Amino acid sequence: MRFSNFPISTTKETPADAEVISHQLMLRAGLIKRIAAGIYTWMPLGLKVVRNVERVVREEMENAGAVEVAMPVVQPAELWQESGRWEQYGPELARLKDRHERDFCLGPTHEEVITELAKSEIKSYKRLPINYFQIQTKFRDEIRPRFGVMRSREFVMKDAYSFHEDHASLEKTYWRMHEAYSTIFDRLGLDYRPVEADTGSIGGSHSHEFHVLADSGEDDIAFSTESDFAANVELAEALTPDAVPAEPEPMTMFDTPDTKTIDALEKKYGVAASASIKTLFVEGEDGELVALVLRGDHQLNQIKAEKLPGMSQPLKMAQEEAVKAATGASFGSLGPVGLDARIVVDRAASVLSNFVCGANEDDKHLRGVNWHRDINTFEVADLRTVAAGDPSPCGKGQVEIKRGIEVGHIFQLGTKYSEAMRAEVLDQNGKSVPMSMGCYGIGITRIVAAAIEQNNDENGIIWPEAMAPFSVVLIPLGMDKSENVAEATEALYADLKARGVNVAMDDRKERPGVKFADCELIGIPLRVTVGERSLADGVVEIQGRREAEATRVAIVDAAQHLAERVSG
RNA sequence: CGGGGCGUAGCGCAGUCUGGUAGCGCACCACACUGGGGGUGUGGUGGUCGCAGGUUCAAAUCCUGCCGUCCCGACCA
């Protein structure tokens, strides 16, 4: 590719609304252009990167035995009504009507369509297992699109759906996908971790997320300091801490005017947050109040709470008026003592003795409170989000928390959709059984942003080789003036192309500084400078994007040298 | 959905308080110089000042409504 014939639309200035580095660099390098909130055009240079990611993903999916299909973006409401998600999904599902006033939606994912396909296509266990995948544009009307293509409304995703006659077969494909994903992210040159995850709104039993580690990530991942354990903090189990029960003190009430928070309690009365508890009220499935009790310094994990039997989904915090009517006290003075409601206590809170809590009387708290003696009926559950320094759920080491960008997610769906949509096959006994399903996603366009978050410096993007729009860029200096330079560059360009190297030549009539700056900003891994000065010695200068100094290589060896570096 | 900010040339911004000829930098075009790290000079192109209504002799500027966009919040008792 010649840059004289390829739009390099870089800018020096960063658009004001780009917050994270990848978004800034993608705009500055001219990879994407915003057309509306969360909706972008991929420019020629950016599209090359997207295609490279797609290529690696496609190859590894095929290696793992998946077959490619292309499903529609616009999907009929009937399918979504059948699965129950037309009502469940909420405003994130972009709905539209056709000219006949029939309901449709823009596919945010494709379980319904694929299940319908498998249902009509597969009648016998003999055709199982099968794993269909597609690489396709999705639309989710995100509440808050941000960070460019990291969380956009329209995005490209690879999604795959496998079908099985039983769970054992699903399990096998699931781990095959786990392996394929690892290969994909290895090939793409990303620093990533597979992480145990919540199954979320899609539902199902077992799940791993693949996260690219980066500070700008939107998820918190809990790691063990001593093992391979990694889990989304949404899911990571908080163990019961060891605690020696103290000699019970008498329970006494004390005045706490204008003390609405644990923080205030700590500052004004010297009560350690870890020696106090807080009581939160949520609505159960029948709308009745449920008290959730946590240690003052701990955080409620909504996902864990939601999974308790009898809870509303999604979890609904109770209104203050309702709480006041039930307890007689306002937020800030609530506690479990004398409460006539279901009480669920977090493990860590349940091993406290002589703790402080609200008295269910405004501006008053109790101290010296003890479980069993002062509160008789309660359940104990894992309710809180793990924090750094907690013992690791795996039993070894401590929890360490890092930020991650979710770029892949694999689920075992089981029979959730096949049952709802009656996607059944005849098994060996001639009996009709719902197929077991797995589902496996990779955010293609998000990977592009995630790769930049991980690979950049003050001069711009540094593409991993597999993603780079070009592997090598030739920079001729004074090409229009010097015939030597022009000839040498053209010859090298032709040689590299003949060797199958993805090479570009910056033959624009720009000053050298502009060319150097541009090729660094757009992140080309290898740069070859061809100028009169070095040509006089029969050499060209080759510099890796991460290298501080160029290497002089004889012009006759340059093509060979470059071809080896690209492939190796 | 709640709170806040912003909307003036492709991009980054000033001008708005205090109404009176729409500006600057980058980018773009032309020419000249320059020619191994975003170079210099001269001359140019480009704007219904987000939209609609109102006040006024006069509105980018004041008033009302709407739209777009960004940030924060929706997790605490």
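Calculation rules
Residues numbered from 1 in each chain as written. Chains lettered and ligands numbered in written order. Predicted model: local features only at pLDDT ≥ 70, side-chain atom pairs only at ≥ 80, totals over all residues. Heavy atoms only, no water. Helix = DSSP H or I, 4+ residues; strand = E, 2+ residues; numbered from the N terminus. Buried < 20%, exposed > 50% of the residue type's maximum accessible area, 1.4 Å probe, protein only. Lys, Arg positive; Asp, Glu negative; His and termini not counted. Charge placed at Lys NZ, Arg CZ, Asp CG, Glu CD. Core = buried A, V, L, I, M, F, W, Y, C linked by side-chain atoms within 4.5 Å. Contact = heavy atoms within 4.5 Å. Salt bridge = Lys/Arg side-chain N within 4 Å of Asp/Glu carboxyl O. Pairing = 2+ DSSP bridges. Axes fitted to C-alpha atoms, helices over the stretch in contact; angles between N-to-C directions. Phe/Tyr/Trp six-rings, centres within 6.5 Å; stacked < 30°, edge-to-face > 60°. Arc of directions from axis to C-beta. pLDDT = per-residue confidence, 0-100.

Student: Looking at this structure, I do not really get the overall build of chain A. What am I missing?
Tutor: Assigned secondary structure in chain A consists of 16 helices and 31 strands. Viewed in the frame of its principal axes, chain A has a C-alpha envelope of about 95 × 65 × 50 Å. Taken across its 568 residues, chain A has 53% of its residues classed as buried. One finds the centroid of the 64 positive side-chain charges in chain A at a distance of 4 Å from the centroid of its 90 negative side-chain charges.

Student: Can you walk me through the nonpolar core in this structure?
Tutor: Taken as a class, soluble globular proteins show a tendency for nonpolar side chains to be buried jointly. In terms of nonpolar packing, the biggest core is built from 66 residues, with Y181, F185, L188, I447, W463 and M467 touching the most fellow members. Discounting residues that sit within four places of it in the chain, I447 has contacts with V53, F185, L188, L190, V407, I442 and M467. Core analysis: the second largest hydrophobic core is formed by 26 residues, F163, F411, A423 and M435 among them.

Student: It is not clear to me how the pattern of salt bridges should be interpreted in this structure. Could you clarify?
Tutor: Note on pairing: side chains with opposite charge can pair once their charged atoms come close. Scanning all chains against the criterion turns up 35 salt bridges. Between D191 and R193 there is a salt bridge, and its shortest N-O distance comes to 2.8 Å. According to the relative accessible area criterion, D191 is partly exposed, its value standing at 38%. Residues D390 and R384 are paired through a salt bridge, measuring 3.0 Å at the closest nitrogen-oxygen approach. Taking the relative accessible area as the measure of exposure, R384 reaches 3% and is therefore buried. When salt bridges with common partners are traced through the structure, they connect R55, E59, E60 and R187 into a single cluster.

Student: Sorry if this is basic, but what is going on with the environment of E249 here?
Tutor: Residue position: E249 is located in the loop between β12 (230-232) and β13 (252-255). Sequence spacing of E249 and V369 is 120 residues, and the spatial spacing of their C-alpha atoms is 7.7 Å. Residues in contact with E249, not counting those within four places in the same chain, are N354, G368, N370 and R373.

Student: Sorry, what's going on with the sheet that holds strand β30 (residues 539-544) here?
Tutor: Hydrogen bonds along the backbone pair up the strands of a sheet, which may run parallel or antiparallel. Sheet architecture is open: five strands sit in the order β28-β27-β29-β30-β31, paired in mixed fashion. The open sheet has two edge strands, β28 (503-505) and β31 (551-554), and neither has a second partner. Within the sheet, the average angular offset between the axes of one strand and its neighbour, ignoring direction, is 25°. For β30 and β31, the ladder comprises four bridges, and the chain directions are antiparallel. Bridge pairing links E541 to R552 in β31.

Student: Honestly, unusual backbone geometry in this entry has me stumped. Any pointers?
Tutor: The general pattern is negative phi for most residues beyond glycine and trans for most peptide bonds. Note the cis peptide between L128 and P129, where omega equals -5°. With respect to the element layout, P129 can be found in the loop between α5 (111-121) and β7 (130-139). The phi dihedral of F147 falls on the positive side, at around 60°, and the residue is not glycine. With respect to the element layout, F147 can be found in the loop between β7 and β8 (154-164).

Student: What am I meant to see in the packing of aromatic side chains here?
Tutor: Remark: the centre distance and the inter-plane angle together describe each pair of aromatic rings, the angle taken between the planes. Per the counting criterion, the structure on display carries 14 aromatic pairs. Seen from their ring centres, F6 and F470 are 5.6 Å apart, and the 80° between their planes marks the pair as edge-to-face. Here F6 is found in the segment before α1 (21-28), whereas its partner F470 is found in the loop between β26 (460-461) and β27 (472-476), with 464 residues between them in sequence. Neither residue differs from the other here; F6 and F470 are each classed as buried. Ring plane angle 45° and centroid distance 4.7 Å describe the contact between W371 and F378, whose orientation is recorded as tilted.

Student: When you look at helix α7 (residues 262-269) in this model, what are you seeing that I'm missing?
Tutor: Since there are 3.6 residues in each turn of an α-helix, residues three or four apart along the chain are aligned in direction. Among the residues of α7, those classed as buried are I262, A264 and L265. For α7, the arc enclosing every buried residue in end-on projection is 160°, short of the 170-degree limit, so these residues lie on one face.

Student: Please explain the confidence of the model for chain A as it appears in this structure.
Tutor: Detailed reading of the predicted coordinates is not advisable wherever pLDDT is low. Scored by pLDDT, chain A has a mean of 91; 99% of the residues are at 70 or more. Scored as a whole, the predicted complex attains pTM 0.91, and scored at its interfaces, ipTM 0.92.

Student: Explain the sheet that holds strand β19 (residues 364-369) to me, please; I cannot follow it from the model alone.
Tutor: Across the sheet, three strands lie side by side as β13-β19-β18; this open sheet has antiparallel pairing. At either margin of the open sheet sits one strand with a lone partner, and together these are β13 and β18 (355-358). Mean inter-strand twist for the sheet, computed between neighbouring axes without regard to direction, equals 30°. Bridge analysis of β18 against β19 gives three bridges, and the strand direction is antiparallel. Within β19, the residue paired with F355 across the bridge is V369.

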